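The residues making up each chain are set out below.
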Amino acid sequence: MAVPPSLALSDGVRIPQLLFGVAGLTAAETGRAVRVALDIGYRGFDTAPGTEAAAGEALAGVPREELFVSFKVPAQGYDAARRAADQALTALRLERADLCLLDGTKGAFTDTWRALSRLRAEGHVRAVGVAGFGVSELRRLIDATGAVPVLNQVELHPWLQQLPLREFHAERGIVTAATSPAANAGLLADETVTALAAKYGKTPAQIVLRWHLQVGTVAVAASATTTRTRENFGIFDFELADDDLAVVAELDNGTRV
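The structure reproduced in this document is the subject of the present report. Computed from a prediction, not measured in an experiment: that's the story for all the values here.

Describing the packing of aromatic side chains
The final tally for this structure, using the stated rule, is 6 aromatic pairs. With a centroid separation of 5.4 Å and an interplanar angle of 70°, the aromatic rings of Phe-20 and Tyr-42 are classed as edge-to-face. Of this pair, Phe-20 sits in strand E3 (residues 18-21) while Tyr-42 sits in the loop between helix H1 (27-40) and strand E4 (44-46), placing them 22 residues apart in sequence. With respect to burial, Phe-20 and Tyr-42 carry one shared label: buried. A centroid spacing of 5.9 Å and a plane angle of 50° characterise the contact between Tyr-200 and Phe-238, whose relative ring orientation is tilted. Of this pair, Tyr-200 sits in helix H7 (residues 191-200) while Phe-238 sits in the loop between helix H9 (226-233) and helix H10 (242-249), placing them 38 residues apart in sequence. With relative accessibility at 22%, the residue Tyr-200 sits in the partly exposed group.

Written out as structure tokens, the structure reads:
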């Protein structure tokens, strides 16, 4: 069984570069999709609010040391964030998750961050990061708390490569995680991507996910179908040549999905 490569977070925790995501799935879809992903070989799972119980049930019985599990808590202040985190851990059937993400910047995110940092200090999560933060929000969080998130999960794909944000991440030791890694499947019909798929004998989705691995991001690939889930996992037996990476880099046009 293939084993995805991993990256070291700044606190030493290692994260698989390919995570199975469940954002957008119902609870019923989540349970089935996670079980399928486990059978295929995924061991890294990125859960979303409302999916934790279904994911926890599907993951029950898998040796804990084999899994990487993350969950999200909306920016909502200290007390509410702590309650939400406790509820998520209970639903996931975990005493300690691998990663907790402060999700969004609309609310009291510095107070939420302090709650999640306390959760880490108590040993309930191994690492704490953020989701949906830009450079200005990251600066505000770091200036207010003195802490640097280990990871920032944002929309990122060949059409939206987020170079200034990734440069800031690199300067501060923040790992970049990519949601919508294929632009909600929009990139699967891109002429450049389909040409590369033909060249390498791979699918367009595999070309895009391989690009993510080689530029150093964590790709969060969500799917409710067995075929696509299996396809997404088939990216560890080839590499894109440097000149083809350069071709993909030229696709950056700022498109958000």
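Next, the rest of the story.
Comments concerning the nonpolar core
Counting 71 residues, the largest nonpolar core has Phe-20, Val-34, Tyr-42, Phe-45, Phe-71 and Leu-102 as its most contacted members. For Val-34, the residues in contact, after removing those within four places along its chain, are Phe-20, Val-22, Phe-45, Ala-55, Ala-58 and Leu-59. Ranked by size, the runner-up nonpolar core spans 15 residues in total, among them Leu-99, Ala-127, Ala-131 and Ala-177.

Observations regarding the layout of surface pockets
What the largest pocket holds in volume is close to 480 Å³. If you go around the largest pocket, you meet 31 residues; those closest to its centre are Ser-180, Pro-181, Val-220, Ala-221 and Ala-222. Elements that contribute at least two residues to the lining of the largest pocket include exactly strand E8 (151-155), helix H8 (204-215), strand E10 (218-222) and H9. Class assignment of the residues belonging to the lining of the largest pocket gives a composition of 17 nonpolar, 9 polar and 5 charged. Along its surface, the second largest pocket is lined by 18 residues, and Val-3, Pro-4, Pro-16, Arg-43 and Glu-66 are the ones closest to its centre. A per-element tally of the lining of the second largest pocket places strand E2 (residues 14-16) first, with 3 residues. Partitioned by chemical class, the residues of the lining of the second largest pocket number 9 nonpolar, 3 polar and 6 charged.

Here's the deal with the pattern of salt bridges
Counting across every chain of the model gives 13 salt bridges. When the shortest N-O distance is used, the salt bridge between Asp-86 and Arg-82 registers 3.4 Å. Residue Asp-86 and its partner Arg-82 are both found in helix H3 (residues 78-92); the two are separated by 4 residues, about one turn of the helix. Overall, the relative accessible area of 17% leaves Arg-82 in the buried class.

What counts and how
Residues numbered from 1 in each chain as written. Predicted model: local features only at pLDDT ≥ 70, side-chain atom pairs only at ≥ 80, totals over all residues. Heavy atoms only, no water. Phe/Tyr/Trp six-rings, centres within 6.5 Å; stacked < 30°, edge-to-face > 60°. Helix = DSSP H or I, 4+ residues; strand = E, 2+ residues; numbered from the N terminus. Buried < 20%, exposed > 50% of the residue type's maximum accessible area, 1.4 Å probe, protein only. Core = buried A, V, L, I, M, F, W, Y, C linked by side-chain atoms within 4.5 Å. Contact = heavy atoms within 4.5 Å. 1 Å grid on protein atoms, 1.4 Å probe; cavity = no way out; pocket = protein on both sides within 12 Å on 5 of 7 lines; lining within 4 Å. Points joined across faces, edges and corners; volume = space filled by probe spheres on them. Nonpolar A, V, L, I, M, F, W, Y, C, P; charged D, E, K, R; others polar. Salt bridge = Lys/Arg side-chain N within 4 Å of Asp/Glu carboxyl O.

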